Amino acid sequence: MTHLTEETLNLFLDQALAEPEALAAQAHLAACPACSASLADLSLVFSRLETLGDSQIDLDLGPRPCSG
Amino acid sequence: MDEATERSLVTRAQRGDASAFGELIGLTQAAVYHVCLRMMGERREAEDMAQETFVRVYERLHTFDPQRPFLPWVRRVAANYCLNQLARRAPVSTSFDDALDWPENRPGRWHDRQAEQARRVRAALLRLAPRQRAVVELRHFQELSYEEIAQALNLPISDVKSDLFRARRLLAEMLKDDPSN
Ligand SMILES: [Zn+2]
């Protein structure tokens with residue numbers, strides 16, 4: 001079984017695959033623990049980055065401390 | 001703010017109305033600041049970059065189509081400006097500590113675990129090469145497509161993809177040993 005390439009995994013998560021490719025990737029992921037694990041590693045990056053999204057953080061700039 | 005109000009502010013600013021431009025700054029400065037903070041890592045520097053961003057926005061305002069949304073354009077200008085500044089510098093070895101004035105380091109605002117995660121992500125981002133960081137900023141925070149990123153940074157799409165995919169692989173490695181997983 002040929003594993004999904006890094007590019008395919010990235011395109012899959014970016015929803016940038018054409019529908020037939022996306023379906024094929026989905027089928028492979030369902031059957032392949034190795035590729036699912038790689039996908040999970042990449043997905044973690046996506047969800048962690050969200051912690052720094054503008055909606056997550058206080059957008060009030062506030063006064064900055066005067067330290068010269 | 002509704003689109004019509006924004007359009008009218010942009011149009012007035014384009015005709016030289018300083019108070020309209022001031023209002024546009026007020027509406028977008030927090031978002032621009034956060035772009036700059038993700039790119040630069042240091043609050044004071046991020047504030048300077050945000051100010052410089054608005055200088056550039058002002059200079060290019062006549063090229064902006066008021067039918068388009070203003071904030072995404074300004075955020076793109078900010079990312080681009082930060083990248084250009086970073087690209088001119090010698091790479092610095094960065095170390096980060098809790099003393100940095102990041103939003104997640106201010107006491108009492110976040111749950112400890114959430115703050116710790118945010119710190120780790122921010123530090124990991126700052127370890128990426130500037131162009132990788134810019135591509136991550138534009139894809140993950142500004143939600144541009146590969147094509148839009150290529151256009152914004154004046155790069156071929158193949159470079160956008162390789163920078164983005166490599167950046168994600170590096171981030172995955174840096175965040176993998178996160179004890180809070
Ligand atoms: Zn596989």
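Please read these numbers as outputs of a predicted model, since none were measured by experiment. The residue numbering used here restarts from 1 in each chain and proceeds along that chain's sequence as written. To read the labels, note that chains go from A and ligands from 1, taken in the order they are written. The model is predicted, so local features are restricted to residues of pLDDT at least 70 and side-chain atom pairs to those at 80 or more, both for listing and for counting; the totals for chains, interfaces and linings are taken over all residues. Only heavy atoms go into the side-chain values, all of them from the structure, while hydrogens and water stay out.

**Here we look at the overall build of chain B**
Thinking step 1. For chain B, the count of helices and strands is eight helices and zero strands.
Thinking step 2. Every helix listed is a DSSP run of H or I at least four residues long, and every strand listed is a run of E at least two residues long, numbered separately from the N terminus. In chain B, the succession of helices and strands from N to C terminus is α-α-α-α-α-α-α-α.
Thinking step 3. Here the C-alpha radius of gyration of chain B, 17 Å, is about what a compact globule of 181 residues would show, namely 16 Å.
Thinking step 4. If one aligns the C-alpha atoms of chain B with their principal axes, the spans along those axes are about 55 × 45 × 30 Å.
Thinking step 5. Within chain B, buried positions represent 49% of all 181 residues. We compute the radius of gyration from the C-alpha atoms alone; for a globule the expected value is 2.2 Å times N to the 0.38, where N is the number of residues. Buried means the residue's accessible area, taken with a 1.4 Å probe over protein chains only, is under 20% of the maximum for its type, while exposed means over 50%, and partly exposed covers the values in between.

**What to know about the coordination of the zinc ion**
Residue and element names in this part refer to chain A.
Thinking step 1. Any nitrogen, oxygen or sulfur atom within 2.8 Å of a metal ion counts as a donor, with the limit raised to 3.2 Å for Na, K and Ca, and since water is left out, coordination shells can look unfinished. Donor atoms from the polypeptide that bind the zinc ion are His3 (ND1), His28 (NE2), Cys32 (SG) and Cys35 (SG), placed at 2.0 to 2.3 Å.
Thinking step 2. The geometry test gives tetrahedral to four donors whose angles all lie between 85 and 135 degrees, gives square planar to four donors and octahedral to six donors whose opposite members are over 155 degrees apart with all other angles between 65 and 115, and gives irregular to the rest. One can describe the site at the zinc ion as tetrahedral: its four donor atoms subtend angles covering 99 to 128° at the metal.
Thinking step 3. In primary-sequence terms, the residues that donate to the zinc ion follow H-x24-H-x3-C-x2-C.
Thinking step 4. For cysteine 35, a relative accessible area of 4% corresponds to the buried category.

**Section: the domain arrangement of chain B**
All names here are of chain B.
Thinking step 1. For chain B, the domain assignment lists domain 1 (1–89) and domain 2 (90–181).
Thinking step 2. In this document the domain limits rely on a domain assignment from an automatic tool or a database. The distance between the C-alpha centroids of domain 1 and domain 2 comes to 21 Å.
Thinking step 3. Only heavy atoms matter for contacts: two residues are in contact if any of them lie within 4.5 Å across the pair. Facing 18 residues of domain 1, the contacting portion of domain 2 comprises 21 residues.
Thinking step 4. Each partner contributes to the roughly 1700 Å² buried at the junction of domain 1 and domain 2, and carbon and sulfur atoms together form 60% of this total. We define buried area as the total accessible area lost by two parts upon association, computed with a 1.4 Å probe and summed across both.

**Things to note about the environment of leucine 71 of chain B**
Residue and element names in this part refer to chain B.
Thinking step 1. In this fold, leucine 71 is placed in helix α4 (residues 70–88).
Thinking step 2. Between the C-alpha atom of leucine 71 and that of leucine 27, which follows or precedes it by 44 residues, the distance is 8.6 Å.
Thinking step 3. Excluding residues within four positions of it along the chain, leucine 71 makes contact with Thr28 and Ala31.

**A closer look at the layout of surface pockets**
Thinking step 1. In this analysis, the protein atoms alone were mapped onto a 1 Å grid. Cavities are point sets where a 1.4 Å probe fits without being able to get out; pockets are open sets with protein on both sides within 12 Å along at least five of seven lines; lining residues have an atom within 4 Å of a point. Grid points are joined across faces, edges and corners, and a volume is the space filled by probe spheres set on the points. Approximately 280 Å³ is the volume attributed to the second largest pocket.
Thinking step 2. As for the second largest pocket, its lining consists of 13 residues, of which Glu50 of chain A together with Arg139, His140, Phe141 and Glu143 of chain B are closest to the centre.
Thinking step 3. Those elements giving two or more residues to the lining of the second largest pocket turn out to be α3 (33–49) of chain A together with α6 (130–141) of chain B.
Thinking step 4. Ranked by residues supplied to the lining of the second largest pocket, first place goes to α6 of chain B with three residues.
Thinking step 5. We call Asp, Glu, Lys and Arg charged. Ala, Val, Leu, Ile, Met, Phe, Trp, Tyr, Cys and Pro are nonpolar, and the rest, Gly among them, are polar. Here the residues of the lining of the second largest pocket are counted per class, giving four nonpolar, three polar and six charged.

**Re the nonpolar core**
Thinking step 1. One finds Phe70 and Val136 of chain B to be the most contacted residues of the largest nonpolar core, which totals 71 residues.
Thinking step 2. Here this core spans two domains, since at least three of its residues come from each of domain 1 (1–89) and domain 2 (90–181) of chain B.
Thinking step 3. Those residues in contact with valine 136 of chain B that sit more than four places away from it in its chain are Leu49 of chain A together with Leu125, Leu128, Phe141, Leu164, Ala167 and Leu171 of chain B. To form a nonpolar core, buried Ala, Val, Leu, Ile, Met, Phe, Trp, Tyr and Cys residues must be joined to one another through side-chain atoms within 4.5 Å.

**What to know about the packing of aromatic side chains**
Residue and element names in this part refer to chain B.
Thinking step 1. Side-chain rings of Phe, Tyr and Trp (the six-membered ring for Trp) are treated as a pair once their centres are within 6.5 Å; stacked means planes under 30 degrees apart, edge-to-face means over 60, and tilted covers the remaining angles. Taken as a whole, this structure holds five aromatic pairs over all chains when the rule is applied.
Thinking step 2. Taking 6.0 Å as the distance between ring centres and 55° as the angle between the ring planes, the aromatic pair formed by phenylalanine 70 and tryptophan 73 counts as tilted. With phenylalanine 70 and tryptophan 73 both in helix α4 and three residues apart, this pair spans about one turn of that helix. Here the two residues phenylalanine 70 and tryptophan 73 agree in accessibility, since each one is buried.

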